[in-house]
Amino acid sequence: MSLGFSSGEQELDRFLYKSVPQYHENNAGITYVAVHVDKPELILGYHYFCAAALPHDTLGAQKLTHTHHYPVLKFHTLAVDSRQKKKGIGALLFFEGLDAAHRAAPIIGLHGVYFEALDSARTFYSEYLGLKPIAPSKTKFFLSIDDIARLLAA
Ligand SMILES: CC(C)(COP(=O)(O)OP(=O)(O)OC[C@H]1O[C@@H](n2cnc3c(N)ncnc32)[C@H](O)[C@@H]1OP(=O)(O)O)[C@@H](O)C(=O)NCCC(=O)NCCS
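Participant: How do you make sense of the site of the ligand when you look at a structure like this?
Facilitator: Surrounding the ligand, one finds 23 residues, the nearest of these being Lys85, Gly90, Ala91, Ala121 and Thr123. Contributing elements (two or more residues each) for the shell around the ligand: β3 (69-80), α2 (89-108) and α3 (122-128). Looking at side-chain class alone, the shell around the ligand contains 11 nonpolar, 7 polar and 5 charged residues.

Set out below in structure tokens:
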């Protein structure tokens, strides 16, 4: 089996090999990886996320902070190797990210999690995970810390 990660989306594969190491070196974000139990060098899936400032108008909400942004954890990239899809790895990595946000919220102050889905993953989020996009968008999602607590408890 090739050790090269291949999700079917070249941009996401390049991001893992080219950008992620640089971003880590600069403490710009964190990547959770799922690896093969007997071959830890074999990456089955990854989830890269980072702290971000979400403009108030993204949520169509009233300004509730002293800045014009909400502090959020941004799920930047979630990808699973094509040979490993539909085995629960994507959901596992997604929930690990939610758990990280949930743990960090009372320590650093976090409004929630924000992400933009690729078209190909929209049904994963909306049908399988049952999430509602931020209207009128079909691809932008926000989960408050309370939403996350409910999802983690379900
Ligand atoms: C979207 C993605 C991360 C899902 O990963 P995965 O490991 O295949 O997903 P899981 O196995 O955890 O899926 C969990 C459930 O969702 C379902 N599911 C997975 N992908 C789905 C899709 N695109 N549409 C609808 N349901 C989907 C699975 O069938 C499974 O349901 P089941 O437990 O009833 O069988 C993966 O397909 C991927 O890497 N896609 C390319 C990159 C991408 O689009 N990333 C997301 C945006 S950055």
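Participant: Would you take a moment to explain the environment of Leu73 for this structure?
Facilitator: With respect to the helices, strands and loops of the structure, Leu73 is situated in strand β3. Look at Leu73 and you get buried, because 29 C-beta atoms sit within 10 Å. Separated by 44 residues in sequence, Leu73 and Gly29 have C-alpha atoms that sit 9.8 Å apart. Once residues within four sequence positions are removed from consideration, Leu73 is found in contact with Phe49, Ala51, Ala100, Ala101, Ala104, Leu110 and Val113.

Conventions adopted
Residues numbered from 1 in each chain as written. Predicted model: local features only at pLDDT ≥ 70, side-chain atom pairs only at ≥ 80, totals over all residues. Near = placed C-beta within 6 Å. Helix = DSSP H or I, 4+ residues; strand = E, 2+ residues; numbered from the N terminus. Nonpolar A, V, L, I, M, F, W, Y, C, P; charged D, E, K, R; others polar. Buried ≥ 20, exposed ≤ 12 C-beta atoms within 10 Å, placed from the backbone. Contact = placed C-beta atoms within 7 Å.

The values reported here are purely geometric and, on their own, carry no functional implication.
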